[in-house]
Amino acid sequence: SMLPMGGALLASAEGGSSTPIRYEMEDLLADGKIAMHTVTASDKGEEVAVEATGTDANPSGGTYCNVHFYKEGNYITMTLDNIPETGLYRVTMAVMGDASSAPAALAKDYGTGEAQVGTTFCPNGAAMQANSFGADVPKATAEFELEAGTDTIDLVGMGWTANSFCPDYIEIQQIPHESVFVDIS
């Protein structure tokens, strides 16, 4: 079909989903959706471990998880279902601010040649209220391509520590596609 003179083509009108999808860490753990990867363990006490905590009034869903990395490079892989479509997503993890939290980073395909690692995040320091999931606690954020249906996100221990990292939930939100107009006049 012919377009009128001075017309424009809309190459992409996809908007992406604007509503975040939340996955509670304790639900992922209970459903067997968290895999633990110990890179080098010289003894049992250095293997990565994830445990659900007791109930607490502050975190979403009433509880959270403790992740014990023990060694730098140990990581967990979280399997996320119900991803609406393939595309670029903002991945956000809410964690408990703690004066002695372990440092970690969100990643994609960690342990492979295709690994993408976000900024190291250490939710501690004097500016945070200790042992709190309050609004003042910053969230770890990264952007990754995710496949429609089921895909994975990794959480990597970025330093040796006996302290735990305490994630509450992970959220994904599709980043809208840019609309591209092509002037054909």
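The structure we're discussing is the one just above.
Everything quoted here is computed from the prediction, not taken from an experiment.

Looking at the overall build of the protein
If you tally the helices and strands in the protein, you get 1 helix and 13 strands. Helices and strands appear in the protein in the N-to-C order β-β-α-β-β-β-β-β-β-β-β-β-β-β. Relative to its full complement of 185 residues, the protein shows a buried share of 42%. Of the contacts made within the protein by residues no fewer than 6 positions apart, 79% connect residues no fewer than 24 positions apart. Accessible surface, the protein as shown: approximately 9,500 Å² in total, 51% of it carbon and sulfur.

Observations regarding the environment of S60
Within the secondary structure, S60 sits in the loop between β4 (49-52) and β5 (65-68). Since its relative accessible area comes to 18%, S60 is described here as buried. Distance from S60 to F133, taken between C-alpha atoms, is 8.6 Å for residues 73 residues apart in sequence. Once residues lying within four places of it in the same chain are set aside, the contact partners of S60 are R22, E24, E26, D168 and Y169.

Parameters and conventions
Residues numbered from 1 in each chain as written. Predicted model: local features only at pLDDT ≥ 70, side-chain atom pairs only at ≥ 80, totals over all residues. Heavy atoms only, no water. Helix = DSSP H or I, 4+ residues; strand = E, 2+ residues; numbered from the N terminus. Buried < 20%, exposed > 50% of the residue type's maximum accessible area, 1.4 Å probe, protein only. Contact = heavy atoms within 4.5 Å. Areas by Shrake-Rupley, 256 points an atom, 1.4 Å probe, with all protein chains shown as cover.

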